[in-house]
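# Architecture at a glance
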Amino acid sequence: MSPSDAVTARHRARHGAMMMMTLTLTMMIRAVRAAPRASIHALARAPDRSTRGRRLDSSNAAARDLAGGVLGTGTLWMTFELAGNQRYELIVDTGSSMTYLPCKGCERCGEHESSGYYDYDRSPDFRALNCSREGDANACADMAATCSAASTGACEYSVSYQEGSSSRGYIVEDVVRFGGTVPNARVAFGCEVAETNSILTQRADGLFGLGGDSRTTFAQMVRAGAIGNAFSLCVDGFGTNGGLMTLGRFDFGDADVGAVSTPLTGETSTFYETKARRWSLGDVELDGSTNMATIIDSGTTFTYVPTAMYRAFAASLETAATRAGLEPVDGADPQYEDVCYGGGFTLTEDTVGQFFPSLTIDYGDDGSIELGPENYLFAHETNAHAFCLGVFVGSFWNKILLGQITMRDTLVTFDVGAHRVNMTTLNCRALQQRYVGANETSSPPAPPPPAPAPPPSHTGSIWPFVFVGFGGTAAALGGPALARRLQARNANDRQWRRLEEDTLDAQIELIDLA
């Protein structure tokens, strides 16, 4: 990747997670085929494929590759397999609830990672929800969708965003395949018939919501008895993309011995929220970090903290860098005031721990986890011997939004059934190769430049809320400045595309905040 390509990729990731948006529910009229099938909670079983992981108790589990990550795309992808070996790369987002992808007959969907849209005619288990059928109206409401006012009875969803992006379609049921010891399971998800703007031009096929409410594919599989009520994510460290995801109570043997286990404390079911006693950089306790609620969000590339905590973090980092003989350097893109330090050929990804302090997150009586510099720094795009702070200001309800960068080389297990999150540091690439296999490891190349997006088109009413979303969670920012940047599309088309292309990890469904 050339230096200019690296700059573009990095800032697509960073600013794909920073934009204003809103959601409106709109109505669409579309006839869909519907043949009677089992209910959403029914379970279809088929021969299981083996996995090298062991199972805990009687739960089923599977380990899968993740592609993407902090480098390049800014999002994590997993493979969603449907009938006829049809596979789709979906963004994994613990801050969103909906799963959707383009389906056959889509009126306006883009070219994505997969070669074609989902051909439901190849599935004997497919059916579209129809509100005229007994039970489907309730199932439609459970998916926060709307029964069509037309005679078709279709269960319709429409998600729109303030800058013009949207996904529109209908709710269907089909059997999904995850392999391992996980039996095939019938789940409900969104079948797209139209996409606009960034969703139209993004490389990923769609979204795999892993939030905490009942609409997620994960929650449906738990209710069906296909998996235990837990999942794990492990994001690769410096120099690599990808990682590992498990569904169910996967047994990692001694890999997660000594893990910090802390309770989920959030007031809503949508987000996975914990509370830390304090954060420290080296020996310095960071002001503003005491008893701070923290939302863990795989759809956010970087980590966002309240203003006071950010200032303490930046000041402590400056002191440590100066003590290590490093000097401030400009960021790769002059329009952003990145905090970067460099100095000499000895500072590399392999030696960064000799120059920068560790980050400790103290969970009080539950223990503490010590993280390396890769959990708060990203490599400078054009200077191989410089690193930049990957922690930014985000006043999200005065909470910490912990993104992928702080999850690197950390096995994070979301034990939803026990209402806890377990964390332990390890080499995620080695874990991936151990339980999935080196031959299956995949990491997509940097996405090609997106095609020009069409002018924004809005349907329904636009709510007068301004949010900056991070993977289904949000941070309230100074909206006017960002609005002016978005409006400068003609004057700075490249900037618009960076904000626009990889925005799915930045989308917030306001219905989740109700």
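Residue indices begin from 1 for each chain and proceed along its sequence in written order. Totals for whole chains, interfaces and linings use all residues, but because this is a predicted model, local features are given only for residues with pLDDT of at least 70 and pairs of side-chain atoms are given and counted only at 80 or more. Only hydrogens and water are removed before side-chain values are computed, so all heavy atoms of the structure are retained for them.

## Quick look at the environment of histidine 112
Under the scheme used here, helices are H or I runs from DSSP no shorter than 4 residues and strands are E runs no shorter than 2 residues, and both carry numbers assigned from the N terminus. With respect to the element layout, histidine 112 can be found in the loop between β5 (99-102) and β6 (127-128). Three exposure classes are used, based on accessible area relative to the maximum for each residue type with a 1.4 Å probe and protein chains only: buried under 20%, partly exposed in between, and exposed over 50%. Here histidine 112 falls in the buried class, since its relative accessible area comes to 12%. Separated by 93 residues in the primary sequence, histidine 112 and aspartate 205 have C-alpha atoms spaced 5.2 Å apart. The contact definition used throughout considers only heavy atoms, calling two residues in contact when any of these lie within 4.5 Å. The residues touching histidine 112, leaving out its near neighbours within four places in the chain, are Pro102, Glu195, Ile199, Leu200, Gln202, Arg203, Ala204 and Asp205. Counted as a polar contact is a pair of N or O atoms within 3.5 Å, where, for protein atoms, one must be capable of donating a hydrogen and the other of accepting one, and residues adjacent in sequence contribute only when both atoms are in side chains. A distance of 2.9 Å separates the side chain of histidine 112 from the side chain of glutamate 195, its partner in a polar contact.

## Looking at the pairing of strand β12 (residues 231-235)
The element β12 is extensively covered by neighbouring structure, given that 5 of its 5 residues are classed as buried. Residues Phe231, Leu233 and Val235 of β12 are buried on one face, and the alternating residues Ser232 and Cys234, pointing to the opposite face, are buried as well. Pairing geometry for β12 and strand β13 (residues 243-247), over 5 bridges, is antiparallel. Paired with phenylalanine 231 across the strands is leucine 247, a residue of β13. Pairing between strands is defined by DSSP: at least two bridges between the two strands are required.

## Some remarks on the sheet that holds strand β18 (residues 284-285)
Pairing is antiparallel across the open sheet formed by 4 strands, whose spatial order is β18-β17-β23-β24. Edge positions in the sheet fall to β18 and β24 (368-371), since each has one partner strand and no second. Here 4 bridges tie strand β17 (residues 278-281) to strand β23 (residues 359-362), and the two strands are oriented antiparallel to one another. Residue pairing for β23: tryptophan 279 is matched across the bridge by isoleucine 361. In this description, a line fitted to the C-alpha atoms serves as the axis of each element, helices being fitted only across the stretch in contact, and the angle between N-to-C directions of two axes falls anywhere from 0 to 180 degrees. Contacts from helix α5 (residues 307-323) reach β17, β18 and β23 within the one sheet, and its direction differs from that of β17 by about 20°.

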